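Here is what each chain is made of, one letter per residue.
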Amino acid sequence: MEAARRRGGSRRKPTTGGASGSGKRKSHRRGRHNKQAASSAPAAVVEEKPPQAPETPEETVIEIPEVISLRDLAQKLHTTPIELIKILMSYGTMATINEIIDFDTAAIVAEELGLEIQRETILEEELEESETGPKTLRERLLENEDPAKLKPRPPVITVLGHVDHGKTTLLDAIRNTRVAEREAGGITQHIAAYQVEVEGRKITFLDTPGHAAFTAMRARGAQVTDIVILVVAADDGVMPQTEEAIDHARAAHVPIIVALNKIDKPNANPERVMQQLADLGLQPEDWGGDTIVVPISAKQRINIDLLLENVLLVADVMDLKANPEGPAVGTVIEALQDRRLGNTATVLVQKGTLHRGDPLIAGLEWGRVRAMFDDRGRQLKEAKPSMPALITGLQGLPQAGDIFQVVESDRLARQISMERKEKARTQQQEETKALTLEDFYAQMQSGQVKDLNVIVKVDVQGSLEPIVQSLEDLSSDEVGIRILRKAVGPVTESDVMLAAASRALILGFNVKVDAVAKRLAEQHGVDIRVYQVIYHLVEDVSKALQGMLEPIYEDREIGRAEVRAIFRVRGRKVMGCLVTDGVIRRNADAIILRQGQEIHRGVIASLKRYQEDVTEVRAGYECGVGVENFNNPKEGDIIVVTEKVRVR
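Keep in mind that this is a model prediction, so the values were computed, not measured.

Student: So what exactly am I meant to see when it comes to the packing of aromatic side chains here?
Tutor: Aromatic rings considered in pairs are described by the distance between their centres and by the relative angle of their planes. The final tally for this structure, using the stated rule, is one aromatic pair. Ring geometry for tyrosine 194 against phenylalanine 205: centres 6.1 Å apart, planes inclined by 25°, an arrangement best described as stacked. Here the residue tyrosine 194 occupies a position in strand β9 (residues 193–198), and phenylalanine 205 occupies one in strand β10 (residues 201–206), the gap between them amounting to 11 residues. Side by side, tyrosine 194 and phenylalanine 205 carry an identical accessibility label, which is buried. For arginine 175, the ring lying beneath its charged end belongs to tyrosine 194, and the centroid distance is 4.3 Å.

Written out as structure tokens, the structure is:
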């Protein structure tokens, strides 16, 4: 449980909604002093009774929202507000019965009472495994809700498929035929989600770039899709991205409706495509299966209505409902900066109702809904479940897939945002460290990891089997090697995304690394290793499992300077330089190039700007440079400055 995990580290002082700066946050030592003072207070002020746990089964976990008043928390914990005030006083925090506290503070208070709590916002938690597998979006939205308050909601649809199979054309056809023209004076920019109306009923479509965005949102715990429409071209058939889209839809546990597009083409072969789908486990209904396959032409707008009718049919079977009462909770679909409106976000409300003026927290960012628009640019006062809206008023740009939640006040939203950003920085540092092969042994010894997750990419199929077999042979009772993906081809963005989500290493044999993949790997701290000899690959993994792998460093260029003049200072020659790229640092390693050839290596012993010693000079500025043991400079020489970077 998240609360238990949080308590596993150092103990954090409780903070209340009114605790800002040093006014109400005192030191831990001071808190313990106050705890003794509280115990000696007169009985008239604090009734001296030990905190009592509620008379509930020990295994019961109490659900608490992101923020809660002290009065409501006491009710949920089956105790009195005075007991909670005493606990907060013992930590040096003064609070009133109506004080608003965050979830972390509530977790500490509950721990003092011997109880365990978890967040009530089910959308924010990881997928929980049950006897029947991970819970679906529908199950999570209905969990712990009063059946009397549930109301029908429109289905949320995502369109996936291979590139050029007609996803965009289909979305345009649906939008143009079912969405009214924009009103005069409305916002003209396109937003990432919209609603259409069929037979008096609404359907919400997410206009995402494809399964990459669909997966990125799921990676952050966001579940927004009820049904996936899989677009397959009747003339092209199932392609690699089609198979990936099927995998992602199945991982999200959502039903698939196949839109068999381009049936108007003379070379269309629907029977062949349906056979390919059946081979992948999508047995068409016409063949006795349970997958709805609708032949359409998005370009000619053939059978678009039939496709939408089938969407409503599947939605009826799913019996989609949500509770429109209470503070809104939902998902950020897209966020961008508009020249007129500032920071904007397209959000999808999933429970509760979002109102104009509501303060909210969205991922790491916070704000107040200053204005709200629908997909046709009309201003909204409120947005109910399954309704997309473009909102303004955020202080920063959240990421697609971030959960948003309405909170009590701007002050609380700001406080939660600051705490989340601090936790995110700490977590990123920990994750980066956990993904290096050198540190794996230490992580394994401390019990933080039990398996080494790897992704294997090779140049030819013949190399794949011996490498996989050699790695599997290294598994033991103490640690296992889990191969998440094994394939032929270069290391791609998809490999890095999977490695980042799974804390895996990428092992390559005679393959290249895409530029985008390399940049993403640096951003997420993913360790990519490429080898030319299989023995070296297996040996490195073996050493890592035994804690014997030593890091290797290489020189990386951080700046360049051109020698423009030579000065003699106290018998030494100093180079007057212009920094042309990057940064020049004192005590950094330097390589002197003359006409492209290396003539000297040394350390930058002195660095000056206008007779003053400086530690670094950036591009565009002039400086005086002295390199250790180099006394024969010439105008036109190039100084290349490098630093040691660990590559293994």
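Student: For this particular structure, what's the right way to read the packing of helix α4 (residues 81–90) against helix α5 (residues 103–112)?
Tutor: At their nearest, the axes of α4 and α5 sit 10 Å apart, and the two run at 105° to each other. In terms of axis orientation, α4 runs roughly perpendicular to α5. In this structure, α4 uses Leu84, Ile87 and Leu88 to contact α5, whose residues at the interface are Thr105, Val109 and Glu112. The residue inventory of the contact of α4 with α5, partitioned by class, reads four nonpolar, one polar and one charged.

Student: I'm lost on the environment of leucine 474 in this one. Help?
Tutor: Within the secondary structure, leucine 474 is located in the loop between α14 (461–473) and β24 (480–488). Of the residues examined, leucine 474 reaches a relative accessible area of 23% and is grouped as partly exposed. As for leucine 474 and valine 538, which are separated by 64 residues in sequence, their C-alpha atoms are 8.6 Å apart. Those residues within four positions of leucine 474 in sequence are excluded, and the remaining contacts are Ile481, Val538, Val541, Ser542 and Leu545.

Student: Explain the packing of helix α15 (residues 493–502) against helix α16 (residues 515–524) to me, please; I cannot follow it from the model alone.
Tutor: A packed helix pair is summarised by two numbers, namely the angle formed by the two axes and the spacing between the axes. Contact pair α15 / α16: the axes reach a minimum separation of 8 Å and the direction vectors enclose 15°. Taken together, the axis directions place α15 and α16 in an arrangement best described as roughly parallel. Every pair of crossing elements has a handedness; the one defined by α15 and α16 is right-handed. Between α15, through Glu493, Val496, Met497 and Ala500, and α16, the contact on the second element is made entirely by Val516, Ala517, Leu520, Ala521 and His524. Residue composition of the contact of α15 with α16, grouped by class: seven nonpolar, one polar and one charged.

Student: What is the right way to look at the environment of alanine 504 in this model?
Tutor: Within the secondary structure, alanine 504 sits in the loop between α15 and β25 (505–509). For alanine 504, a relative accessible area of 0% gives the class buried. Put simply, alanine 504 and isoleucine 483 are 21 residues apart on the chain and 9.0 Å apart in space, counted from C-alpha to C-alpha.

Student: Honestly, the sheet that holds β25 in this entry has me stumped. Any pointers?
Tutor: Strand pairing in a sheet relies on backbone hydrogen bonds. The paired strands run either parallel or antiparallel. Taking strand neighbours across the sheet as the criterion, the four strands line up as β24-β23-β25-β26 in an open arrangement whose pairing is parallel. This sheet does not close on itself; its edge strands, each paired only once, are β24 and β26 (528–531). If you compare each strand with its neighbour and ignore which way they point, the axes differ by 20° on average. Across five bridges, the pairing between strand β23 (residues 451–458) and β25 is parallel. Its bridge partner lying in β25, valine 454 is registered against leucine 505.

Student: Hey, could you run me through the pattern of salt bridges in this one?
Tutor: Once the charged atoms of two side chains with opposite charge are near each other, the side chains can pair. For the coordinates displayed, the defined rule picks out 23 salt bridges. A salt bridge links aspartate 235 to lysine 265; its shortest N-O distance comes to 3.6 Å. With a gap of 30 residues between them, aspartate 235 in the loop between β11 (227–233) and α9 (240–251) and lysine 265 in the loop between β12 (256–261) and α10 (270–279) connect regions that are remote in the sequence. Residue classification places lysine 265 among the partly exposed residues on the basis of a relative accessible area of 36%. When the shortest N-O distance is used, the salt bridge between glutamate 643 and arginine 556 registers 2.9 Å. Pair noted here: glutamate 643 is in strand β34 (residues 638–646) and arginine 556 is in strand β27 (residues 553–569), with a separation of 87 residues, a long-range link. By relative accessible area, which is 26% here, glutamate 643 ends up partly exposed. Connected through salt bridges with shared partners, the residues Arg556, Arg585, Glu616, Arg618 and Glu643 form a single ionic network.

Student: When you look at the side chain of serine 463 in this model, what are you seeing that I'm missing?
Tutor: As for its placement among the helices and strands, serine 463 is situated in helix α14. What serine 463 contacts, discounting residues up to four positions off in sequence, is Val458 and Phe509.

Student: When you look at the sheet that holds strand β19 (residues 365–373) in this model, what are you seeing that I'm missing?
Tutor: The sheet built from six strands closes into a barrel, its strands ordered β15-β16-β21-β19-β18-β22 with antiparallel pairing. Neighbour-to-neighbour, the strand axes of this sheet turn through a mean angle of 45°, independent of strand direction.

Student: Explain α9 here, please?
Tutor: Since one α-helical turn is 3.6 residues long, residues separated by three or four positions face the same way. A rise of 1.5 Å per residue sets the reference length of α9, with its 12 residues, at 16 Å; its end C-alpha atoms lie 17 Å apart and thus fit the reference within 8%. Within the sequence span of α9, burial applies to Thr242, Ala245, Ile246, His248 and Ala249. Projected down its long axis, α9 shows its buried positions confined to an angular sector of 165°, all on one face. Of the residues trailing α9, histidine 253 is marked for its positive phi of about 55°.

Student: Honestly, unusual backbone geometry in this entry has me stumped. Any pointers?
Tutor: Despite not being glycine, serine 386 shows a phi value in the positive range, around 70°. Along the polypeptide, serine 386 turns up in the loop between β20 (382–383) and β21 (388–394). Phi is positive for glutamine 595, close to 55°, though the residue is something other than glycine. Checked against the element boundaries, glutamine 595 lands in the loop between β29 (589–594) and β30 (597–609). Using a relative accessible area of 80% as the deciding quantity, one classes glutamine 595 as exposed.

The rules we used
Residues numbered from 1 in each chain as written. Predicted model: local features only at pLDDT ≥ 70, side-chain atom pairs only at ≥ 80, totals over all residues. Heavy atoms only, no water. Phe/Tyr/Trp six-rings, centres within 6.5 Å; stacked < 30°, edge-to-face > 60°. Helix = DSSP H or I, 4+ residues; strand = E, 2+ residues; numbered from the N terminus. Buried < 20%, exposed > 50% of the residue type's maximum accessible area, 1.4 Å probe, protein only. Lys NZ or Arg CZ within 6 Å of the ring centre and 35° of its normal. Axes fitted to C-alpha atoms, helices over the stretch in contact; angles between N-to-C directions. Parallel < 35°, antiparallel > 145°, perpendicular 65-115°, else oblique. Contact = heavy atoms within 4.5 Å. Nonpolar A, V, L, I, M, F, W, Y, C, P; charged D, E, K, R; others polar. Left-handed = near helix turned anticlockwise from the far one by under 90°. Pairing = 2+ DSSP bridges. Salt bridge = Lys/Arg side-chain N within 4 Å of Asp/Glu carboxyl O. Expected span 1.5 Å × (residues − 1). Arc of directions from axis to C-beta.

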